Amino acid sequence: YRFSIAWPRVLPRGRGVPSSRGLDFYDRLVDALLEAGIRPFPTLYHWDLPQALQDAGGWASRDTARAFVEYAELVSMRLGDRVRHWVTHNEPWCVAHLGHEVGEQAPGHRDPAEALRVAHHVLLSHGWAVPVLRRNSPAAEVGIVLNLVPATPASPSDPDRDATRAFDGFFNRWFLDPLSRGSYPEDAIADRVAKGHLPQGPLPFVEPGDLAAVATRLDF
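All figures in this text were calculated on a predicted structure; none of them were measured in a lab.

Moving on to the overall build of the protein chain. Summing up its helical and strand segments, the protein chain has 9 helices and 4 strands in all. Listed by position from the N terminus, the elements making up the protein chain come as β-α-α-β-α-α-β-α-α-β-α-α-α. On C-alpha atoms alone, the protein chain measures out to a radius of gyration of 18 Å, which is about the 17 Å that the 2.2 N^0.38 rule sets for 220 residues. Expressed along its principal axes, the backbone C-alpha trace of the protein chain runs to roughly 55 × 35 × 30 Å. Split into buried and exposed, the 220 residues of the protein chain put 49% on the buried side. Within the protein chain, contacts between residues separated by at least 24 positions form 72% of all contacts whose residues are at least 6 apart in sequence. When the accessible surface of the protein chain is summed, it comes to about 10300 Å², and 54% of that surface belongs to carbon and sulfur atoms. Side-chain charges in the protein chain split into 23 positive and 27 negative, and the spacing between the mean points of these groups amounts to 4 Å.

Right, here's the structure in full:
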């Protein structure tokens, strides 16, 4: 049974003192699933950022990635003796693009440059959290959920081929490449530079060691 743990339910302020009622709820849920012979498959982040963290900058702030690791530590210490499968994030593309580039989901921003920064911080928080989950839940498998879309040109024409490449670059490879290769796709970076969403040169939101952390080994 795949379910999503609500960060605000466990840490109403995003950090600090947890809610005992929130943690107790997930304790009971995991125990009830196991008693019924059902494998618990929790996701730690499914788009519900605590408001206090959003007020402090949200996923555009690198500090939110650090807060996510604290949250992952707390939850996995509580449930890690029984949970054998962990998902860090559900569909980072939605958090970045729908939430921060086109404004269709919370927090409703329309800033393409911010969306790229958000995407990186979500992936970074994933990479930082994976070893924490493995330490607190040694027998568990750890992964991430991406919403991937096949891309096929409408015709063999060069414009259609390039449109397909560009779509695949941001929708799929912008997340797959750092997770599996430790780098962002060069063609997709060039697309964003051409649109004015990124400056020429190194990506401004990537710090030394970030991509190695993002590319930490996954089980699924």
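Okay, back to it.
Tracing the backbone shows His 89 in strand S3 (residues 85-90). Note on His 89: relative accessible area 1%, which makes it buried. Here Val 122 takes part through its backbone oxygen, which lies 3.5 Å from a polar atom of the side chain of His 89. When residues no more than four places from it in sequence are discounted, the contact partners of His 89 are Thr 43, Tyr 45, Trp 59, Phe 68, Val 122, Ser 125, His 126, Ile 144 and Val 145.

A separate point is the pattern of salt bridges. All told, the structure shown has 20 salt bridges when counted by the stated rule. Linking Asp 27 and Arg 82 is a salt bridge whose minimum nitrogen-to-oxygen distance equals 2.7 Å. Taken together, the residues span a long stretch of sequence, with Asp 27 in helix H2 (residues 20-35) and Arg 82 in the loop between helix H4 (62-79) and S3 at a distance of 55 residues. Neither Asp 27 nor Arg 82 differs from the other in exposure class; each is buried. Notably, a salt bridge pairs Arg 217 with Asp 219, separated by 2.9 Å at the nearest N-O pair. Overall, the relative accessible area of 52% leaves Arg 217 in the exposed class. One continuous salt-bridge network, built from bridges that share partners, spans Asp 24, Asp 27, Asp 31, Arg 78, Asp 81 and Arg 82.

Taking burial as the measure, the 5 residues of strand S2 (residues 41-45) include 5 buried ones, the bulk of the element. Bridge analysis of strand S1 (residues 2-4) against S2 gives 3 bridges, and the strand direction is parallel. Bridge pairing links Phe 3 to Pro 42 in S2. As defined by bridge partners, S2 adjoins S3 across 2 bridges and the pair is classed as parallel. Bridging across to S3, Thr 43 finds its partner in Val 87.

Moving on to the packing of aromatic side chains. Scanning the model with the defined rule gives 15 aromatic pairs in all. Taken together, the ring pairs in this structure connect Trp 7, Tyr 45, Trp 59, Phe 68 and Tyr 71 into an aromatic cluster. Just above the ring of Phe 25 sits the side chain of Arg 9; from NZ or CZ to the centre is 3.9 Å. Between Arg 192 and the ring centre of Phe 170, over which it is positioned, the NZ or CZ distance is 4.2 Å.

With an omega of 5 degrees, the peptide bond running from Ala 106 to Pro 107 counts as cis. Summarising the element assignment, Pro 107 is placed in the loop between helix H5 (92-100) and helix H6 (112-136). For Glu 91, which is not a glycine, the phi torsion comes out positive at approximately 50 degrees. Structurally, the position occupied by Glu 91 is in the loop between S3 and H5.

Let us now look at helix H7 (residues 158-181). Compared with an ideal rise of 1.5 Å per residue, which puts 24 residues at 34 Å, H7 spans 27 Å between its outermost C-alpha atoms and falls more than 12% short. The principal kink in H7, of about 55 degrees, is found at Arg 173. Residues Thr 164, Gly 169, Phe 170, Phe 171, Asn 172, Arg 173, Trp 174, Phe 175, Asp 177, Pro 178 and Leu 179 constitute the buried set of H7. Structurally, H7 contributes buried residues whose contacts are with H5, H6, strand S4 (141-145), helix H8 (186-194) and helix H9 (210-214). Gly 182 lies just past H7 and shows a positive phi near 75 degrees.

The rules behind the values
Here the residue numbers are simple positions, counted from 1 along each chain's written sequence. With pLDDT at 70 or above as the cut-off, local features in this predicted model cover only qualifying residues; side-chain atom pairs require 80 or more to be listed or tallied, and sums for whole chains, interfaces and linings still use all residues. The basis for the side-chain values is all heavy atoms of the structure; hydrogens and waters are excluded. Only DSSP runs of H or I covering at least 4 residues are called helices, and only runs of E covering at least 2 are called strands; the numbering of each starts at the N terminus. In this description the radius of gyration comes from C-alpha coordinates, and the expected globular size is given by 2.2 Å times residues to the power 0.38. Here the term buried applies to any residue with accessible area under 20% of the maximum for its type, exposed to any over 50%, and partly exposed to those in between, with areas from a 1.4 Å probe on protein chains only. Here, two residues are considered to be in contact whenever any of their heavy atoms come within 4.5 Å of each other. Working definition of accessibility: Shrake-Rupley area with a 1.4 Å probe, residue cover restricted to the visible protein chains. Within this scheme the basic residues Lys and Arg register as positive and the acidic residues Asp and Glu register as negative, but His and the chain ends are omitted. Charge positions are represented by NZ for Lys, CZ for Arg, CG for Asp and CD for Glu. We call two N or O atoms a polar contact when they sit within 3.5 Å, provided that within protein one can donate a hydrogen and the other can accept it, with sequence-adjacent residues counted only if both atoms are side-chain atoms. We define a salt bridge as a side-chain nitrogen of Lys or Arg found within 4 Å of a carboxyl oxygen belonging to Asp or Glu. For two strands to pair, DSSP has to find at least two bridges joining them. Centre distance within 6.5 Å is the pairing criterion for rings of Phe, Tyr and Trp, where only the six-membered ring of Trp is used; planes under 30 degrees apart are then read as stacked, over 60 as edge-to-face, and the remainder as tilted. A ring is scored as having a charge over it whenever the NZ atom of a lysine or the CZ atom of an arginine sits within 6 Å of its centre and within 35 degrees of its normal. For a helix, the expected span equals 1.5 Å multiplied by the residue count minus one. To get the bend at a given residue, fit one axis to the seven residues ending there, fit another to the seven starting there, and take the angle between those axes.

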